[in-house]
Amino acid sequence: MAVPVELVQTLINGILQGGVYAAAAVGLSLIFGVSGILNAAHGELVMLGAFATYWLVTLYHVDALLTLPLSFALLFAFGWALQYFLLNRTLGRPLLLSLLVTFGVSLILVNVALRLWSGDHRMTRIPYFERSLILGDFIVPLSRVAACVVAVAMVAGLSWLLASTRLGRMIRATAQDGEMARMLGVNPKTIYAITFGLGAGVSGVAGSLVAFYAPVEPNMGLTYTLFAFAVVVLGGLGYTAGVIWGGLTLGVAQALTETYLEAGLSLFVAFVLLYVILTSMPAGIMGRGRLE
Amino acid sequence: MPRPTPIEWLALAVLAVLLVLPLGVGPYPIRLATVIFMWAALAGAWNLMAGYAGSVDLGPVVHHGVGAFATAAFMLKAGLPFLVSVILAGLVAMGVAYAIGTPTLRLRGAYFAIGTLALAESAKELALAWDRFVPFPLTGGSAGVSLPLAAGYGIFYYVMLVLMAGVTGAALWLQRSKFGYGLRAVGENDRLAEASGVDIHRLRRRLYVGSAFAIAVTGGTAGYWLSYINAQEVFGAAITFQMVVMALLGGLGTPFGPVLGATFLTLTSEYLGTRLVYYYLIIIGVIIVAISLFAPAGLAGLLRLGRRRPAPGAA
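Conventions we followed
- Residues numbered from 1 in each chain as written.
- Chains lettered and ligands numbered in written order.
- Predicted model: local features only at pLDDT ≥ 70, side-chain atom pairs only at ≥ 80, totals over all residues.
- Helix = DSSP H or I, 4+ residues; strand = E, 2+ residues; numbered from the N terminus.
- Rg over C-alpha atoms; globule rule 2.2 N^0.38 Å.
- Buried ≥ 20, exposed ≤ 12 C-beta atoms within 10 Å, placed from the backbone.
- Contact = placed C-beta atoms within 7 Å.
- pLDDT = per-residue confidence, 0-100.
- Expected span 1.5 Å × (residues − 1).
- Arc of directions from axis to C-beta.
- Axes fitted to C-alpha atoms, helices over the stretch in contact; angles between N-to-C directions.
- Parallel < 35°, antiparallel > 145°, perpendicular 65-115°, else oblique.
- Left-handed = near helix turned anticlockwise from the far one by under 90°.
- Nonpolar A, V, L, I, M, F, W, Y, C, P; charged D, E, K, R; others polar.
- Pairing = 2+ DSSP bridges.

Enquirer: What exactly am I supposed to notice about the overall build of chain A here?
Expert: Across its full length, chain A carries 11 helices and 2 strands. Starting at the N terminus, the α and β elements of chain A follow one another as α-α-α-α-β-β-α-α-α-α-α-α-α. Over its C-alpha trace chain A gives a radius of gyration of 19 Å, about what one expects of a compact globule, namely 19 Å for 292 residues. Dimensions along the principal axes, computed over C-alpha positions, put chain A at roughly 65 × 45 × 35 Å. Taking all 292 residues of chain A together, the buried fraction comes to 54%. Taking as baseline every contact in chain A between residues at least 6 positions apart, the subset at least 24 positions apart corresponds to 77%.

And the structure:
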């Protein structure tokens, strides 16, 4: 029996894309799960990470893989400051307020980026990623493999950090009951700032991974905000490792739509999928999300 | 019916002046006023759901887009006059809102917000692809649809004024009626609502369908005014964001808040947009952050308008 080449190639593309979606969403899930903040500027963090890699590679000829820790550090500092100086003031206030503040921040970030770097689409040149693996009938671009592998490793690392380290326990305790954590000697405001820093850092790295294979521009963020919402809901809100399942589902569903229906419908399918899961299985496809 | 408060007398006086304004001023102030009325109607309709029923809808553009395309279809395909078309489009949007509201309104808090955002984005993508898949072309795909040019701008001024006044009146009525009291008393707490025998789902759906009518008629009117609509814009998240920002800046859950927010932001954009073309969105972002952090009750809170209530932080 012949291998259905087209189908397998489509699945490979979907899985590779899905890994990056998971990485681009895990920060949103972490921040919402711990601080209850719906971060409307999430995609802009991805955009900043992507630009960090682009400029480091283009201007300073830093090795592409070496830009990942730098991108994490820059975005960690930015996210920490954002929570510490602005968002900690919204604690205990309605959800809408943090949504509005982060929306204001996203407006500032996009338009500052447009002023500084213009609206041009910029492609990062990384010679050793410009090749593809040929596996029999299948073509797999090296840049996408690298992006997917790093993405999955990062989500696993973050899950490990939350589950098995002292900092992880402090974060989980704060997420469960901030007041109780405070009585046990954990300062929730510090933990919220570190959490936002971590969330922003991994989103920045996700952006850097996107820059490995796709063009970078200041308006790219909104798409990633919307995809991150979709991935987090598919995986289950508040269940961090669920983003892997959510990302793969979204990536594969989009790839199948592009191959067998029409490229123009792939966003439609993504959002209908999100809506259907939300109304019928609010705990996510694995049923492990937190219900309100 | 209780007597109007001083603020409401003032609002009625302003309304009376606005009714005769076109007799005394030129086209530019009329155009600017029409833009303000339009945003006040949109933000006010959003405020009905978010401020009075506690449901943060991030997809009100669904109704806006349906209204715009339905109005265009009634005018271009059925040859109906504008006012008839726009009312029919409002009714179509009410039907759509009833159908999508039934499952969506069961979602709570952040889930409702994300669900409605997903609906709006799906609607946009569907509208963009519509003409390629459905034998009855409607949206013109990414090229959009052109409408005939209107004879004058007066009609838009008055339609938008009526919409703004109607939405504001609905908010005032909600503050006083049993219907609005029931909605506010239970807010987001469904179990409490069930225990007190209020069918909150039905109340909320009625409000959702009603505000859909106002948003759709505003969208239809705006489409005819600009004489060109395209799915990317009329279903665009930018319109939602602007509605939300204006309602919150003005003061969530206050009847005149959205009017204040729309006036402030439209005039600011008009002023900054012509003088500081490159920086005005950055400045708007800074204003949004500053007002939400330092004056969370909005402009109405700063001016102490609207109903008295505890500061949001005390909830």
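Enquirer: Please explain the overall build of chain B as it appears in this structure.
Expert: When helices and strands are counted, chain B shows 14 helices and 2 strands. A compact globule built from 315 residues should have a C-alpha radius of gyration of about 20 Å, and chain B, at 19 Å, falls within 12% of that. Dimensions of chain B, computed from the C-alpha atoms along their principal axes, are close to 50 × 45 × 40 Å. Here chain B holds 315 residues, and 50% of them are scored as buried. Taking the contacts inside chain B whose residues are at least 6 apart along the sequence as the reference set, 76% of them involve residues at least 24 apart.

Enquirer: Can you walk me through the confidence of the model for chain B in this structure?
Expert: All names here are of chain B. Here chain B averages 85 in pLDDT, and 91% of its residues register 70 or above. Low pLDDT, under 50, characterises residues 306–315; the predicted model gives this stretch 16 contacts beyond four residues in sequence or across chains. The complex prediction reports pTM at 0.82, with the ipTM value standing at 0.83.

Enquirer: For this particular structure, what's the right way to read the interface of chain B and chain A?
Expert: By convention, interface size is frequently given as the accessible area that disappears when the constituent parts associate. Contacts between the two partners involve 36 residues from chain B, matched on the other side by 35 residues from chain A. For the side of chain B that touches chain A, the secondary-structure elements that each account for two or more residues are helix H4 (82–104), helix H5 (109–133), helix H11 (237–250) and helix H13 (280–294) of chain B. A per-element tally of the side of chain B that touches chain A places H5(B) first, with 15 residues.

Enquirer: Would you mind showing me how to read unusual backbone geometry here?
Expert: A negative phi angle is the norm for most residues apart from glycine, just as the trans form is the norm for most peptide bonds. All names here are of chain A. If you check the backbone angles, His61 has positive phi at about 55° while not being a glycine. With respect to the element layout, His61 can be found in the loop between helix H2 (42–60) and helix H3 (67–86). With a phi angle near 60°, Ser118 is a residue other than glycine that sits in the positive phi range.

Enquirer: Explain H13(B) here, please?
Expert: Three or four residues apart is the spacing at which side chains of an α-helix point the same way, because the helix has 3.6 residues per turn. Taking 1.5 Å per residue as the helical rise, H13(B) with its 15 residues ought to reach 21 Å, and the 21 Å between its terminal C-alpha atoms agrees with that figure. Listed in full, the buried residues belonging to H13(B) are B:Leu281, B:Ile284, B:Gly285, B:Ile288, B:Ile291 and B:Ser292. Projected onto a plane normal to the axis of H13(B), the buried residues spread over an arc of 140° and lie on a single side. Summarising the geometry of H13(B), the exposed residues directed more than 90 degrees from the buried face are B:Ala290 and B:Phe294. Tucked inside the fold, the buried residues of H13(B) contact helix H4 (95–117) of chain A together with H11, helix H12 (257–275) and helix H14 (298–302) of chain B.

Enquirer: So what exactly am I meant to see when it comes to the packing of H2(A) against helix H8 (residues 188–213) of chain A here?
Expert: Angle between the axes and distance between the axes: these two values describe a pair of packed helices. Residues and elements named next belong to chain A. Interhelical geometry of H2 versus H8 gives an angle of 55° and a closest axis separation of 6 Å. Overall, the two elements H2 and H8 adopt an arrangement that is oblique. H2 and H8 meet at a crossing whose hand is right-handed. Note on element contacts: H8 touches H2 through Ala200, Ser203, Gly204, Val205, Ala206, Gly207, Ser208, Val210 and Ala211, opposite His42, Leu45, Val46, Met47, Leu48, Gly49, Ala50, Ala52, Thr53 and Tyr54. Considering only residue class, the contact of H2 with H8 consists of 12 nonpolar, 7 polar and no charged.

Enquirer: What am I meant to see in the pairing of strand S1 (residues 132–135) of chain A here?
Expert: Two faces make up the sheet, and in a regular strand the side chains alternate between them. Residue and element names in this part refer to chain A. Pairing geometry for S1 and strand S2 (residues 138–141), over 4 bridges, is antiparallel. Looking at the pairing, Leu133 lines up with Val140 of S2. Where S1 folds back on S2, the antiparallel hairpin that results is connected by 2 residues, among which Gly136 adopts a positive phi of roughly 60°.

Enquirer: Looking at this structure, how should I read the environment of B:Glu125?
Expert: Looking at where B:Glu125 falls in the secondary structure, it is placed in helix H5. Residue classification places B:Glu125 among the buried positions, given that 21 C-beta atoms sit within 10 Å. Setting aside anything within four residues of it in sequence, one finds B:Glu125 in contact with A:Leu265, A:Leu267, A:Phe268 and A:Phe271.

Enquirer: Could you clarify how one ought to interpret the environment of B:Gln232 in this entry?
Expert: Residue and element names in this part refer to chain B. Following the sequence through the fold, Gln232 ends up in helix H10 (residues 231–234). For the pair formed by Gln232 and Lys124, sequence separation is 108 residues and the distance between their alpha carbons is 6.5 Å. Ignoring anything within four residues of it in the chain, the contact list for Gln232 reads Leu128 and Ser142.

Enquirer: Explain helix H6 (residues 166–176) of chain A here, please?
Expert: All names here are of chain A. Among the residues making up H6, those that are buried are Met170, Ile171, Thr174 and Ala175. Considered in projection along H6, the buried side chains sweep an arc of 135° and stay on one side of the axis. The outward face of H6, more than 90 degrees from its buried face, is lined by the exposed residues Arg166 and Gln176. In the core, the buried residues of H6 are packed alongside helix H1 (5–35), helix H5 (142–164), helix H7 (178–183) and H8.

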